[in-house]
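Observations on the three-dimensional arrangement
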Amino acid sequence: MLDELIKGGTVIDGTGAPGRQADVGIRDGRIVAIGDIDEEAKVVTDAAGKLVIPGIIDPHTHYDAQLLWDPGASPSANHGVTTVIGGNCGFTLAPLRPTPEEADYLQQMMSRVEGMPLPALQEIDWDWETFSDYLSKFEGNISVNAGFLVGHCAIRRYVMGPDSVGNEATPEQVEAMVAELRKGIEAGGLGFSTTLSGSHSDGDGQPVPSRWSTKDELLALCAEVRDHEGTTLEAIVPGCLDRFADDEIELLAEMSATAKRPLNWNVLTVDSREPDRAPRQLSAGDRAAELGGRVVALTMPVLVPMNMNFLTFCGIWLLPGWQETLRVPVEER
């Protein structure tokens, strides 16, 4: 007997094949049959007129903190997402020096760059230090599959402290960052992410730590990723929001080629008023291929949405004159 039988839906199997009407049989947590199924089942679900699809993988999320208070990853799970990837744009919550000051720095930064609610961040028990400690917080405690890249900002802050803002790293500090990245990946991190975007500033309004890195620092970190199978890269540069400059295309291509891993960037937008922008950005993939790498654009199947309000700092602060307004308590805004 099957545990569950989903009958009469249009099955999209994820292979690229056209959808077809079929039943899906499940036993012991696995799909055991697809087709015309007569076997009895403990639970029968009528899926007529509905799509039956694999769980959606969302490769670019910032659930790094939310999963600690919302293990269901709402609203993504409501829309069929079963796997979320966090740690994007160079932003992770680990490694973390175990002091209130360091936790506060990450809280303020994440609130500003990603619009995470500061009161919720402050309610989290920030009792981890290593990336392994952080990942252990989720084991058996969340209802989605989750993976995390190791973020450049946290690594740089962990190694350099306050000097991570405003300063280049010494060779010894770069070596220490590489070592921390290695520990993070060995603990289960999926790879490395970074940001150079001018829209990413910390709670003090200064460029986030990764924006002070040199090309040599970035490539040293990418070289470490090369030594770990199954890993990947993610990077944000100013041209992601406009069009890539020549040096940005070269950097992304070199990062991928150095790591011998694919690199994805976010987000490709199509605008009829800028017909040459998307082809220009996609040309980074051509240059990467020439160097032996692979650069992939992420995009969305909808117009890019942006919900902004007085409750968060994210987004509105980019408008001239709004930064000071958003620094005051919500009631005063």
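Above this note sits the structure.
In this report, we go over the structure that sits alongside the text.

1. With respect to the overall build of the protein chain
Along its length, the protein chain carries 9 helices and 13 strands. Against the 2.2 N^0.38 benchmark of 20 Å for 333 residues, the protein chain shows a C-alpha radius of gyration of 22 Å, consistent with a compact globule. Overall, the protein chain is about 70 × 50 × 45 Å in size when its C-alpha atoms are taken along their principal axes. Within the protein chain, the fraction of its 333 residues that count as buried is 45%. Contacts in the protein chain between residues at least 24 apart in sequence constitute 69% of all its contacts with a sequence separation of at least 6. As displayed, the protein chain offers around 16800 Å² of accessible surface, 52% of which is attributable to carbon and sulfur atoms. Taken together, the 26 basic and 51 acidic charged side chains of the protein chain have centroids lying 4 Å from each other.

2. Structural notes on the sheet that holds strand S10 (residues 191-195)
In spatial order, the strands read S9-S10-S11-S12-S13; together these 5 strands make up an open sheet with parallel pairing. Either end of the sheet is taken by a strand with one partner, and the two such strands are strand S9 (150-151) and strand S13 (294-298). Two strands pair when backbone bridges link them, and S9 and S10 are joined in this way by 2 bridges, in the parallel orientation. Note on S10: the bridge partner recorded for Gly-151 is Ser-193. Across the sheet, helix H6 (residues 215-226) lies against S10 and strand S11 (232-236), angled at about 160° from S10, the strand it touches most.

3. Describing empty space enclosed by the protein
Throughout the structure, instances matching the rule amount to 1 cavity of 30 Å³ or more. One number sums up the size of the largest cavity: a volume of about 40 Å³. Along its surface, the largest cavity is lined by Pro-95, Leu-96, Arg-97, Glu-102, Leu-106, Ala-154, Arg-157 and Tyr-158. Breaking the lining of the largest cavity down by element, the ones donating at least two residues are helix H1 (100-114) and helix H4 (152-160). Here the lining of the largest cavity gets 3 residues from one element, more than from any other, and that element is H4.

4. Notes on the pairing of S13
Pairing of strand S12 (residues 262-266) with S13 involves 5 bridges; the strand directions are parallel. Paired with Trp-265 across the strands is Ala-297, a residue of S13.

5. Observations regarding the environment of Thr-130
Inspection of the secondary structure puts Thr-130 in the loop between helix H2 (118-123) and helix H3 (131-136). When the C-alpha atoms of Thr-130 and Lys-183 are compared, they prove to be 8.3 Å apart, with 53 residues separating the residues in sequence.

6. Section: the sheet that holds strand S8 (residues 145-148)
With parallel pairing, the 3 strands of this open sheet are ordered in space as S6-S7-S8. Edge positions in the sheet fall to strand S6 (56-58) and S8, since each of these pairs with one other strand and no more. Taking each pair of neighbouring strands and ignoring which way they run, the sheet shows an average axis angle of 15°. By the bridge criterion, 3 bridges tie S6 to strand S7 (residues 81-86) in an arrangement that is parallel. Along S7, the bridge assignment pairs Asp-58 with Val-84.

7. Examining the pairing of strand S1 (residues 2-11)
The side chains of a regular strand alternate, first on one face of the sheet and then on the other. One ladder, built from 5 bridges, connects S1 with strand S4 (residues 41-46); its direction is parallel. Across the sheet, Lys-7 pairs through a bridge with Asp-46, a residue of S4. Examined bridge by bridge, S1 and strand S5 (residues 51-52) share 2 bridges and lie parallel to one another. Residue pairing in the sheet places Val-11 in a bridge with Val-52 of S5.

Reading guide: rules and limits
Residues numbered from 1 in each chain as written. Predicted model: local features only at pLDDT ≥ 70, side-chain atom pairs only at ≥ 80, totals over all residues. Heavy atoms only, no water. Helix = DSSP H or I, 4+ residues; strand = E, 2+ residues; numbered from the N terminus. Rg over C-alpha atoms; globule rule 2.2 N^0.38 Å. Buried < 20%, exposed > 50% of the residue type's maximum accessible area, 1.4 Å probe, protein only. Contact = heavy atoms within 4.5 Å. Areas by Shrake-Rupley, 256 points an atom, 1.4 Å probe, with all protein chains shown as cover. Lys, Arg positive; Asp, Glu negative; His and termini not counted. Charge placed at Lys NZ, Arg CZ, Asp CG, Glu CD. Pairing = 2+ DSSP bridges. Axes fitted to C-alpha atoms, helices over the stretch in contact; angles between N-to-C directions. 1 Å grid on protein atoms, 1.4 Å probe; cavity = no way out; pocket = protein on both sides within 12 Å on 5 of 7 lines; lining within 4 Å. Points joined across faces, edges and corners; volume = space filled by probe spheres on them.

Remember, this is a structural readout, not a statement about activity or role.
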